[in-house]
Amino acid sequence: MAPDIHTLRRDFPTLAQIVNGHPLVYLDNAATTQKPQPVLDALNHYYRDTNANVHRASHALSAQATQAFEAARIKLQRFINAPTPEQLIWTKGTTEAINLVAYSFGMHHLQAGDEILLSTLEHHANIVPWQQVAAATGAVIRVIPLTPEGDLDLLAAERLLSTRTRLLAVSQVSNALGVVNPVRQLIAMARAVGAVSLVDGAQAMGHLTVDVQALDCDFYAFSGHKMFGPTGIGGLYGRKELLERMPPWQTGGEMVHSVSFEQTSFNRLPFKFEAGTPNIAGAIALGAAVDYLTGLNRMALAQHEHSLLEALITGLEAIPGVRIIGRPDVRVGAVSFVMDEVHPQDLATLLDMQGIALRTGHHCAMPLMQALGLEQGTIRASVAFYNTHEEITALLAGINKAREFF
Ligand code: PMP
């Protein structure tokens, strides 16, 4: 049965707000999503009723916290179809997950002359850590260019991949344009030359069904706050043989097996990579987000999101002077556009005055904006399943109003 979006929206208290005198139209979901009541309840419940450290003390509350924390890991493991829970490492989010791989795998396994293959569409979080690795090891960064239509150029990727390529790091969905990249194909191409692959799944998890085994990637990074969970929690999936060979990148309590002043032996997976007290409440609440999502008809919601984007694209195409960036047919979540003679920030300010929240600028993808010749960046409207057609109509009306103003 088709979901009733107006009923679903009641699960998200933040959506029912008046902003600048207007009902909030929240179209900045690629930056962060709103949280449903079960996620808020899980956070509250942990701090109010359990609040104990995990894996340590021998008392009831600690056992309860540990049980809920590890149960959440299993929920995430199943959500992305990872083979075992110990292959799911908690991190602060995508950025920390990518840094984990950069520092633990990159710094130790790459050397001068090795190549790291990125794409033009990457978020800074999937560029800068690799630049640090390249600077320290002498590895070289190569970049998959875009075709004139704005897609990743697979023929160029084929030419760039060689036995020198040690790592491919690409996003499944571009945060700046919403474009879905052919990651499965790229991963297979990388594997054929013996390269390891990392997928930045920050923008994929809230929209697509992710299956790390079907993707056949070696690493998959994601953020909880972009999939209706809290900030400060996310994860890294890794192939077991690789994770086992990789040294810890942060050290301290929790990640050790035994410590003396002479030497330390490290804990087993996944704890080897989880130094210090983790974000216990965050992990448990992210588990609640997964329960919430899996309780919904995700296929129907994906279709709803698709129809929102279709309506938005059709509406934008009808506005004189508006140019949509990237191909309209292979995207989820976001639409980026520019408007003749209107600075993105000016448009966003006018829309904000009407309660419409979206994002402008380079979207932490400055190299992409440069490649597209869009130094002022773009205007990005990004949807989640709780957005409505009325909200898209309000955005289009707001843009038309702004056009008259300018
Ligand atoms: N990669 C992509 C594609 C993103 O959209 C983001 C967040 N905007 C990140 C990485 C970084 O995520 P976080 O800030 O949650 O670590």
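Computed from a prediction, not measured in an experiment: that's the story for all the values here.

**Q** Can you help me understand the domain arrangement of the protein in this one?
**A** Its domain assignment divides the protein into domain 1 (5-30 + 297-405) and domain 2 (41-294). Taking the mean C-alpha position of each, domain 1 and domain 2 sit 28 Å from one another. With 30 residues of domain 1 in contact, the opposing surface of domain 2 contributes 27 residues. Taking both partners together, domain 1 and domain 2 bury about 2400 Å²; carbon and sulfur atoms supply 60% of that area. The three residues of domain 1 that bury the most area against domain 2 are Arg298, Val332 and Leu368, which together make up 29% of that side's buried surface. Here domain 1 and domain 2 share zero salt bridges between them. Taken together, domain 1 and domain 2 are joined by 13 residue pairs in polar contact (both at pLDDT 80 or more).

**Q** How should the nonpolar core be read in this particular structure?
**A** Note that soluble globular proteins tend to have their nonpolar side chains buried in a common cluster. Counting residues in each nonpolar core, the largest one holds 75 residues, and the members touching the most others are Ile80, Trp90, Tyr220, Phe222 and Phe385. Ranked by residues supplied to this core, first place goes to helix 10 (residues 280-294) with eleven residues. When we break this core down by domain, the ones giving at least three residues each are domain 1 (5-30 + 297-405) and domain 2 (41-294). Filtering out sequence-adjacent residues up to four positions away, phenylalanine 385 remains in contact with Ile5, Leu8, Phe12, Phe228, Tyr292, Leu293, Leu296, Leu301, His304 and Glu305. Among the nonpolar cores identified, the runner-up in size contains 28 residues, and Ile319, Leu350, Leu351 and Ala381 belong to it.

**Q** When you look at the site of the ligand in this model, what are you seeing that I'm missing?
**A** By nearness alone, every residue bordering the ligand is listed as Thr94, Thr95, His123, Ala125, Asn175, Asp200, Ala202, Gln203, Ser223, His225 and Lys226. Taking threonine 95, its side chain carries an N or O atom lying 2.6 Å from an oxygen atom of the ligand. One of the side-chain nitrogen or oxygen atoms of serine 223 is found 2.7 Å away from an oxygen atom of the ligand. The fraction of the free accessible surface of the ligand (390 Å²) that becomes covered by protein chains is 85%. Tallied by class, residues from the shell around the ligand come to two nonpolar, seven polar and two charged.

**Q** Mind showing me how you'd approach helix 11 (residues 298-317) here?
**A** The periodicity of an α-helix, 3.6 residues per turn, causes residues three or four positions apart to be oriented the same way. Compared with an ideal rise of 1.5 Å per residue, which puts 20 residues at 28 Å, helix 11 spans 28 Å between its outermost C-alpha atoms and is within 8% of the ideal. Within helix 11, burial applies to Ala300, Leu301, His304, Glu305, Leu308, Leu309, Leu312, Ile313, Gly315 and Leu316. Buried residues in helix 11 make contact with helix 1 (5-8), strand 13 (322-325), strand 14 (334-339), strand 17 (378-382) and helix 14 (389-405).

**Q** Honestly, the sheet that holds strand 14 in this entry has me stumped. Any pointers?
**A** In a beta sheet, neighbouring strands pair by backbone hydrogen bonds and run either parallel or antiparallel. On the basis of which strands lie adjacent, the open sheet formed by four strands has the order 13-14-17-16 and antiparallel pairing. Single-partner strands in this sheet number two, and they are strand 13 and strand 16 (359-361). Across the sheet, the axes of successive neighbouring strands diverge by a mean angle of 30°, strand direction being ignored.

**Q** Would you mind going over the pairing of strand 10 (residues 234-238) with me for this structure?
**A** The two faces of a sheet get side chains in turn, since along a regular strand they alternate between them. Among the five residues of strand 10, five are classified as buried, and the element is accordingly described as predominantly covered. Neither face of strand 10 is left uncovered, since the one carrying Gly234, Leu236 and Gly238 and the one carrying Gly235 and Tyr237 both have all their residues buried. Across four bridges, the pairing between strand 4 (residues 88-91) and strand 10 is antiparallel. In the strand pairing of strand 10, isoleucine 89 is matched with leucine 236. The pairing of strand 9 (residues 219-223) with strand 10 spans five bridges and is antiparallel. Paired with alanine 221 across the bridge in strand 10 is leucine 236.

**Q** Honestly, the environment of lysine 226 in this entry has me stumped. Any pointers?
**A** Tracing the sequence through the fold places lysine 226 in the loop between strand 9 and strand 10. Spatially, the C-alpha atoms of lysine 226 and threonine 33 are 5.2 Å apart, while their sequence positions differ by 193 residues. When residues no more than four places from it in sequence are discounted, the contact partners of lysine 226 are Ala30, Ala31, Thr33, Ala202, Gln203 and Gly206. Polar side-chain contacts of lysine 226 include one of 3.0 Å to the backbone oxygen of alanine 31.

**Q** Whenever I open this one, the UniProt feature "domain: Aminotransferase class V" (unreviewed entry) in the protein confuses me. Can you help?
**A** According to UniProt, the positions carrying the feature "domain: Aminotransferase class V" (unreviewed entry) are residues 25-395. Taken end to end, residues 25-395 is 39% helix and 18% strand, and its first and last C-alpha atoms sit 8 Å apart.

**Q** I would appreciate a short explanation of the pattern of salt bridges in the present structure.
**A** Pairs may arise between side chains of opposite charge once their charged atoms sit close together. Counted according to the given criterion, the structure contains 14 salt bridges. A salt bridge links arginine 9 to glutamate 391; the nearest nitrogen and oxygen atoms lie 3.2 Å apart. With arginine 9 in the loop between helix 1 and strand 1 (18-19) and glutamate 391 in helix 14, the pair connects residues that are 382 residues apart, well separated along the chain. Grouping residues by exposure puts arginine 9 and glutamate 391 together as buried. Salt bridges sharing common partners tie together Arg191, Asp216, Asp218 and Arg239.

So, how was this worked out
Residues numbered from 1 in each chain as written. Predicted model: local features only at pLDDT ≥ 70, side-chain atom pairs only at ≥ 80, totals over all residues. Heavy atoms only, no water. Domains from an automatic or database assignment. Contact = heavy atoms within 4.5 Å. Buried area = accessible area lost by both parts, 1.4 Å probe. Salt bridge = Lys/Arg side-chain N within 4 Å of Asp/Glu carboxyl O. Polar contact = N/O pair within 3.5 Å; in protein donor to acceptor, adjacent residues only side chain to side chain. Core = buried A, V, L, I, M, F, W, Y, C linked by side-chain atoms within 4.5 Å. Buried < 20%, exposed > 50% of the residue type's maximum accessible area, 1.4 Å probe, protein only. Helix = DSSP H or I, 4+ residues; strand = E, 2+ residues; numbered from the N terminus. Near = heavy atom within 4 Å. Areas by Shrake-Rupley, 256 points an atom, 1.4 Å probe, with all protein chains shown as cover. Nonpolar A, V, L, I, M, F, W, Y, C, P; charged D, E, K, R; others polar. Expected span 1.5 Å × (residues − 1). Pairing = 2+ DSSP bridges. Axes fitted to C-alpha atoms, helices over the stretch in contact; angles between N-to-C directions. UniProt positions renumbered as here; feature names shortened; annotations may be inferred.

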